[in-house]
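The primary structure of each chain is shown beneath.
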Amino acid sequence: MLLTRLKAGGPAIAKQGILVAFIVFMIAFSLMSDRFLSADNIMSVFRQSAIIGVMAIGVTIVVIGGNLDLSVGSMLSFATVLVVDLHDKIGPELAIPVMIMATLCLGAINGFLIGILRLNSLIVTLGMLSAIQGLVLIYSGGQNVDIADQSGTWFAIFGRGAIFGVATPIIIFLGLALIFHVIMTTMPFGRRVHAVGGNPTASVFSGIPRSRVVFMTYLISALCVAIAAIILGSRVMGSQNNVGQGYELQVLAAVILGGTSLLGGSGSILRTVLGVLMLAFIQNGLILMGQPYYTQWLVTWAVIIVAVWLDVAAKRGRLFSPIA
Amino acid sequence: MANLTQIPLLRWLMRNPIWGFVLIVFIFFSLSADNFFSERNLMNIVVQASTIGLIALGMTLVMINGNIDLSVGATLALAAAFAVDVQSWAAFATWGNWQILPAVCIALLVGILMGAINGFIVWKTGVDAFIVTLGAMLGIRGLVFVYTGEQSFYAMNFAYSDFSFMTIGPFPVLAVIFAVAVIAVHWLLSRTVHGRNTYAVGGNREAAVNAGIRVGPHMMINFMLIGFLAALSGVLLSTQMGAATPNLGRDYELWVITAVVLGGTKLTGGKGDIIGTLGGVLAIGILRNGMNLMQVPAFYVLVILGSILIAVLFLDKRFNRTADGGLRL
């Protein structure tokens, strides 16, 4: 009954499933805790989600292009350790560009192996995940790094500062999301990424430089990681050498929750932002309700599977898979 | 000059290049690392490799079947936590050393249950296994933290931690268990109807359906098997440590997938075997052990393993162009 309606008149609603779920969650949590919908709390959730959010923007573009990027977690460790360590050695105005260049090099390696050599993205980025983590440990000698003069550096503005009363991480996160949303929806590059992810063969026959497009998606992903690292390094003013461990999964969870298809070809940055915020609000709401911290992971498990299940079910018009 | 491909051993090595690699690193470390080539160290390698090896056996089944399981590290931790915790339940207080038996049984059942949940969801919802087990990886790890209250459990019964030091004849008991599991899974995959259907489903699911194979149950059985093997690995690991920590098994899924891919199993499904996986497991085990003996910092091992994984992928693509194909998600 529900599904016949979903099939007949509901593609519009089914498409916005994540939005509906988001609203339901918000109402449920605000009924259970009065502090949940306060401006302070909402601001702090936005601020906390900025790092995962910025990374998720890049990963969304990679996934729309039909690939995966599991190396973003290690890459975040790499970039954060590098920028924090160089901050005291060569000053922030040099540390930031050097770190961005180094991170882009890692992205270029990913892009070369996957875009030009056409190797399987899951395995390549899995290998890079381990290799980059090793690089970080070699670079730092297993030590954690930190910034000596934490109050006297303008580097603090990225993680701790505010512009017109809005925390900088929020502005960076939402600003980047808007820019890349415009690029992906209105500019030729965005269309090419969609085309390459949707049907690689057809895209080649239409004269799209497939290798170069995939290469670019990995550069963008690395750039987003570098920006996330600036926020993280500036907020913490130090870095453990495995700070990004496990981030790749939270990021991928947010991207999947945003309805981006792992098959490639479809997805949207703004809905990824919704996915990121939804995970962050679930985490925040459960903590406000006094649940143990890790309950959020259990809830995330259920939310991901139900969200993707409904998505798949709406597409095939049946709730359960037809395979015997 | 005789055709080289007529020498059986060389022909076999060409079909299983990972064993050539195992041979090379084995000879290399035997010559360059002191203490490497000793009976004790070789047994050590097998014991160390068995933790990842047991899970890799299950992963081979699941990947040949066209799926993937990312939740094995978390399942391992959950099983280890149950195995250590159940021993100290009040109900078994008077059982003496027998209290280990229900603990291990419950731990293994928990592993099978986790696999069954994954398999059932993949079967009934049609959501890709990558997404289902990615969710489970987070969820089961959350379960571990909630269950343990973020504490480590220590085994109070010393018979439990003594188990890992036991030997059967000249062989450590852990190595024997691993060997038995290798033979059993190899037999399952190459000699039974279930094994044959596992290949069929992974190779071409539609053709398998048309041939009357019930795809769902086969996938679910394989997920239950990998759950069981991950739990077994967790129990054995906790006997080695005499404890279970909530972070146990983190990143194991990466090591396991690396070992299985090194062994030549295809992510697309339908191709691979246990002999190759065993080679991949031993290659990683020998590399870690040998570099450890040569006092190479553990950091470099990460870089080298990542590079080898990518290099193998590249070589495989160059030499097996017909077998080309990415992961279908």
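This structure is a prediction, so every number in the text was calculated from the model and none was measured.

Chemist: Explanation requested: the overall build of chain A in the structure shown.
Modeler: When its secondary structure is counted, chain A shows 15 helices and four strands. Taking 20 Å as the expected radius of gyration for a compact globule of 324 residues, we find that chain A reaches 20 Å, a close match to that expectation. The C-alpha extent of chain A, read off along each of the three principal axes, is 65 × 55 × 40 Å. Relative to its full complement of 324 residues, chain A shows a buried share of 52%.

Chemist: It is not clear to me how the overall build of chain B should be interpreted in this structure. Could you clarify?
Modeler: When its secondary structure is counted, chain B shows 14 helices and four strands. For 329 residues, the compact-globule estimate of 2.2 N^0.38 gives 20 Å, and chain B sits close to it at 20 Å. Summarising its shape, the C-alpha atoms of chain B cover approximately 75 × 55 × 35 Å along the three principal directions. For chain B, the proportion of its 329 residues judged to be buried stands at 53%. Considering only contacts in chain B between residues 6 or more positions apart, those separated by 24 or more positions represent 80%.

Chemist: Explain the nonpolar core here, please?
Modeler: Nonpolar side chains in soluble globular proteins tend to be buried together. If you look at the biggest cluster of nonpolar residues, it comprises 222 residues, and the most contacted ones within it are Val54(A), Met55(A) and Ala79(B). For this core, the element with the most residues is helix H12 (residues 210–236) of chain A, which contributes 16 residues.

Chemist: Even after reading the chapter, I still don't get the interface of chain A and chain B, so can you show me in this structure?
Modeler: Often the size quoted for an interface is simply the accessible area lost on bringing the parts together. Taken together, the contacts link 40 residues of chain A with 44 residues of chain B. Where the side of chain A that touches chain B is concerned, the elements lending two or more residues are helix H7 (121–140), helix H13 (247–257) and helix H15 (295–316) of chain A. Across the side of chain A that touches chain B, the residue classes break down as 32 nonpolar, eight polar and no charged.

Chemist: Is there a simple way to explain the environment of Phe25(A) in this structure?
Modeler: Here Phe25(A) shows up in helix H3 (residues 17–32). Phe25(A) sits 253 residues away from Met278(A) along the chain, and the two C-alpha atoms are 8.1 Å apart.

Chemist: Please explain the environment of Lys266(B) as it appears in this structure.
Modeler: Residues and elements named next belong to chain B. Along the chain, Lys266 turns up in the loop between helix H12 (252–262) and helix H13 (274–293). Note on Lys266: 22 C-beta atoms within 10 Å, which makes it buried. Separated by 175 residues in the primary sequence, Lys266 and Ala91 place their C-alpha atoms 47 Å from one another.

Chemist: How should I be thinking about unusual backbone geometry in this particular structure?
Modeler: Negative phi values dominate among residues other than glycine, just as trans dominates among peptide bonds. Phi is positive for Arg118(A), which is not a glycine, with a value near 60°. As for its placement among the helices and strands, Arg118(A) is situated in the loop between helix H6 (92–116) and H7. Here Asn35(B), not a glycine, exhibits a phi torsion of approximately 70°, which is positive. You can call Asn35(B) exposed: it has 8 C-beta atoms within 10 Å.

Chemist: Looking at this structure, how should I read the confidence of the model for chain A?
Modeler: Close inspection of predicted coordinates is inappropriate for parts of the model with low pLDDT. Counting all residues, the mean pLDDT for chain A is 87, and 94% of those residues have values of 70 or more. Under a pLDDT of 50 for its full length, residues 4–10 of chain A has, in the predicted model, four contacts with residues more than four places off or in other chains.

Chemist: Honestly, helix H14 (residues 269–288) of chain A in this entry has me stumped. Any pointers?
Modeler: The α-helix winds at 3.6 residues per turn, so residues separated by three or four positions along the chain end up facing the same way. All names here are of chain A. A rise of 1.5 Å per residue sets the reference length of H14, with its 20 residues, at 28 Å; its end C-alpha atoms lie 28 Å apart and thus fit the reference within 8%. When you tally the buried positions in H14, you get 16 out of 20 residues, the bulk of the element. Phi turns positive one or two residues past the end of H14, at Gly290, with a value near 85°.

About the cut-offs
- The residue count restarts for each chain, going from 1 along the sequence in the order it is written.
- For naming, the first written chain is A and the first written ligand is 1, with later ones following in the order written.
- Residues qualify for local features only when their pLDDT is at least 70, as the model is predicted, and side-chain atom pairs are given and counted only at 80 or more; totals for whole chains, interfaces and linings, by contrast, use all residues.
- Numbering of helices and strands runs from the N terminus; a helix is a DSSP stretch of H or I covering at least four residues, while a strand is a stretch of E covering at least two.
- Radius of gyration: over C-alpha atoms. The globule rule applied is 2.2 Å multiplied by the number of residues raised to the 0.38 power.
- Exposure in this text rests on C-beta crowding, where 20 or more other C-beta atoms within 10 Å of a residue's own make it buried, 12 or fewer make it exposed, and counts in between make it partly exposed. The C-beta atoms are placed from the backbone.
- Once C-beta atoms are placed from the backbone, any two residues with those atoms within 7 Å are in contact.
- We define the nonpolar core as any set of buried residues of the types Ala, Val, Leu, Ile, Met, Phe, Trp, Tyr and Cys, connected via C-beta atoms lying within 7 Å of each other.
- Only Asp, Glu, Lys and Arg are considered charged in this grouping, and only Ala, Val, Leu, Ile, Met, Phe, Trp, Tyr, Cys and Pro are considered nonpolar; every other residue, Gly among them, is considered polar.
- Values of pLDDT, which run from 0 to 100, indicate the predictor's confidence residue by residue.
- Helix span, expected: 1.5 Å multiplied by one less than the number of residues in the helix.

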